[in-house]
Amino acid sequence: MLDLTQAPITLVLLIANVVVSLYVLHRRPQLIEQLSFRPDRIRRGQLYRLATAGFVHVNGAHLLVNMLTLYFFGPLLEYVLGPIGYLILYFGSDLAAHGLSMLFHYRNARYSAVGASGAISGLVFAFCLYAPFEMLYIFFAIPIPAIFFAIGFVAISMYAMRRRDPHRAGGLAHEAHLGGALGV
């Protein structure tokens, strides 16, 4: 496994996510609303939200899960793709996540999303395509080939999207996860 000294882009993304999220969570929680992905605000020209939403997390657990996943998958993908290809994958997946969320929630003024989950889903899915028979461990204990994980990920995301109450605010942004994966 590569370490973070061999993956400077991953290290910068980790630090940026942690610093921004912890600052917002502990010092300026009102910024969550101002930086979040909101389709109604994007339609009004607040395009900066396409970038800022990916660096703000709703709580420590949300941040921890995303950053652990980035730590485990980022260095290898950065090595394989090179810095530019890796940045294109990361931010392209984040934009694809927002794009699919926009399609599903275009007219929903209550919809709001934060977190790097779309970009992270893209990294995981890229790994699954790059190494389809590599074993991934669900909950660090249950081995599954990466290709089966990817298929299950798409199926579960689609199922969860269909079951979501369109009037409910908050919760997991399954469409963002799927969008990030499909952005690969």
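Further up the page is the structure itself.
Our subject in this report is the structure included herewith. Counting from 1, residues in each chain are numbered in the order their sequence is written. Totals for whole chains, interfaces and linings use every residue, but because this is a predicted model, local features are given only for residues with pLDDT of at least 70 and side-chain atom pairs only at 80 or more, for both listing and counting. Only hydrogens and water are set aside; all other atoms, that is, all heavy atoms of the structure, feed into the side-chain values.

1. Observations regarding the side chain of T10
Okay, so step 1: Its location among the elements puts T10 in helix α1 (residues 8–26).
Okay, so step 2: Nitrogen and oxygen atoms within 3.5 Å of one another constitute a polar contact, given that in protein one can donate a hydrogen and the other can accept it, and given that sequence-neighbouring residues count only through two side-chain atoms. A distance of 2.8 Å separates polar atoms of two side chains, one belonging to T10 and the other to Y86.
Okay, so step 3: Not counting the four nearest positions on each side in its chain, T10 is found in contact with L4, L70, G74, P75, E78 and Y86. For the purposes of this entry, the term helix denotes a DSSP run of H or I that reaches at least four residues, the term strand denotes a run of E that reaches at least two, and both are numbered from the N terminus. Should any heavy atoms of two residues lie within 4.5 Å, those residues are considered in contact.

2. Points about helix α6 (residues 117–130)
Okay, so step 1: Helix span is expected to be 1.5 Å times the residue number reduced by one. Between its first and last C-alpha atoms α6 spans 20 Å; for 14 residues at 1.5 Å apiece the expected length is 20 Å, and the two agree.
Okay, so step 2: The cut-offs for exposure are 20% and 50% of the maximum accessible area for each residue type, with area from a 1.4 Å probe on protein chains only; residues under the lower value are buried, those over the upper are exposed, and the others partly exposed. Extensive coverage of α6 is indicated by the burial of 12 of its 14 residues.
Okay, so step 3: Here α6 has its buried residues at S117, G118, A119, I120, S121, G122, L123, V124, F125, A126, F127 and C128.

3. Some words on α1
Counting along an α-helix, one turn takes 3.6 residues, and residues three or four places apart therefore face a common direction.
Okay, so step 1: The terminal C-alpha atoms of α1, which comprises 19 residues, lie 27 Å apart, in line with the 27 Å expected from a rise of 1.5 Å per residue.
Okay, so step 2: Those residues of α1 that sit buried are T10, L13, L14, N17, S21 and V24. Seen from one end, α1 has its buried residues packed into an arc of 125°, which puts them on one side. Among the exposed residues of α1, those pointing more than 90 degrees away from its buried face are V12, V19 and H26.
Okay, so step 3: Of the surrounding elements, those touching the buried residues of α1 are α2 (31–35) and α5 (60–105). Picture the helix axis, draw a direction to every C-beta atom, and the arc is the one those directions span.

4. Points about a nonpolar patch on the surface
Okay, so step 1: Patch membership requires over 30% relative accessible area and the absence of a salt bridge. Like charges are linked within 9 Å, and nonpolar side chains (Val, Leu, Ile, Met, Phe, Trp, Tyr) within 5 Å. The Shrake-Rupley method, run with a 1.4 Å probe sphere, supplies the accessible areas, and residue values consider only the shown protein chains as cover. Any carboxyl oxygen of Asp or Glu that lies within 4 Å of a side-chain nitrogen of Lys or Arg is treated as forming a salt bridge with it. Residues L64, L68, Y71, F72 and F140 make up a contiguous nonpolar surface patch of roughly 530 Å² in combined accessible area.
Okay, so step 2: Turning to its location among the elements, F72 is positioned in helix α5.
Okay, so step 3: The exposure class of F72 is partly exposed, given its relative accessible area of 41%.

5. Digging into the environment of L136
Okay, so step 1: Counting through the fold element by element, L136 comes out in strand β1 (residues 135–138).
Okay, so step 2: Considered as a pair, L136 and A126 are 10 residues apart in the sequence and their alpha carbons are 13 Å apart.
Okay, so step 3: Ignoring sequence-local partners within four residues, the contact set of L136 consists of F73, F127, C128, I142, P143, I144, A146 and F149.

6. Observations concerning the packing of α1 against α5
Okay, so step 1: Think of each axis as a best-fit line through the C-alpha atoms, taken over the contacting stretch in the case of a helix, with angles from 0 to 180 degrees between the N-to-C directions. Packing of α1 against α5 leaves a shortest axis separation of 7 Å and a crossing angle of 145°. The way α1 lies across α5 gives a crossing that is right-handed. By definition, any crossing whose near helix is turned counterclockwise from its far helix by less than a right angle is left-handed, and any crossing with a clockwise turn is right-handed.

7. Thoughts on the pattern of salt bridges
Okay, so step 1: All told, the structure shown has five salt bridges when counted by the stated rule.
Okay, so step 2: Across the pair D40 and R38 runs a salt bridge, and its minimum N-O distance is 3.5 Å.
Okay, so step 3: In this structure, the salt-bridge partner of D40 is R41, at a minimum N-O distance of 3.7 Å.
Okay, so step 4: Salt bridges sharing partners connect three or more residues here, namely E33, R38, D40, R41 and R44.

8. What to know about the packing of aromatic side chains
Okay, so step 1: Paired rings are identified among Phe, Tyr and Trp, the last through its six-membered ring, by centres lying within 6.5 Å, and are further divided according to the angle between planes into stacked (under 30 degrees), edge-to-face (over 60) and tilted (the rest). Scanning the model with the defined rule gives six aromatic pairs in all.
Okay, so step 2: Cation placement over rings: the criterion is NZ of Lys or CZ of Arg within 6 Å of the ring centroid and within 35° of the ring normal. Above the plane of the ring of Y106 lies R43, whose end atom (NZ or CZ) is 4.7 Å from the centre.

9. Overview of the side chain of R38
Okay, so step 1: Its place among the elements puts R38 in the loop between α2 and α3 (39–43).
Okay, so step 2: On the accessibility criterion, R38 (9% relative accessible area) is buried.
Okay, so step 3: Leave out the neighbours within four places in its chain, and R38 touches E33, R49, A109, Y111 and S112.

10. Describing the nonpolar core
Okay, so step 1: Core analysis: the biggest nonpolar cluster contains 28 residues, and L70, L77, Y90, I120, L123, F127 and L136 have the highest contact counts within it.
Okay, so step 2: At the level of elements, α1, α5, α6 and α7 (146–163) are the ones that each hand at least two residues to this core.
Okay, so step 3: Ignoring sequence-local partners within four residues, the contact set of L70 consists of T10, L13, L14, P75, Y86, Y90, I120 and L123.
Okay, so step 4: Put simply, buried Ala, Val, Leu, Ile, Met, Phe, Trp, Tyr and Cys residues joined by side-chain atoms within 4.5 Å make one nonpolar core. One finds F37, Y111, A173 and A176 within the second-largest nonpolar core, a separate group that totals nine residues.

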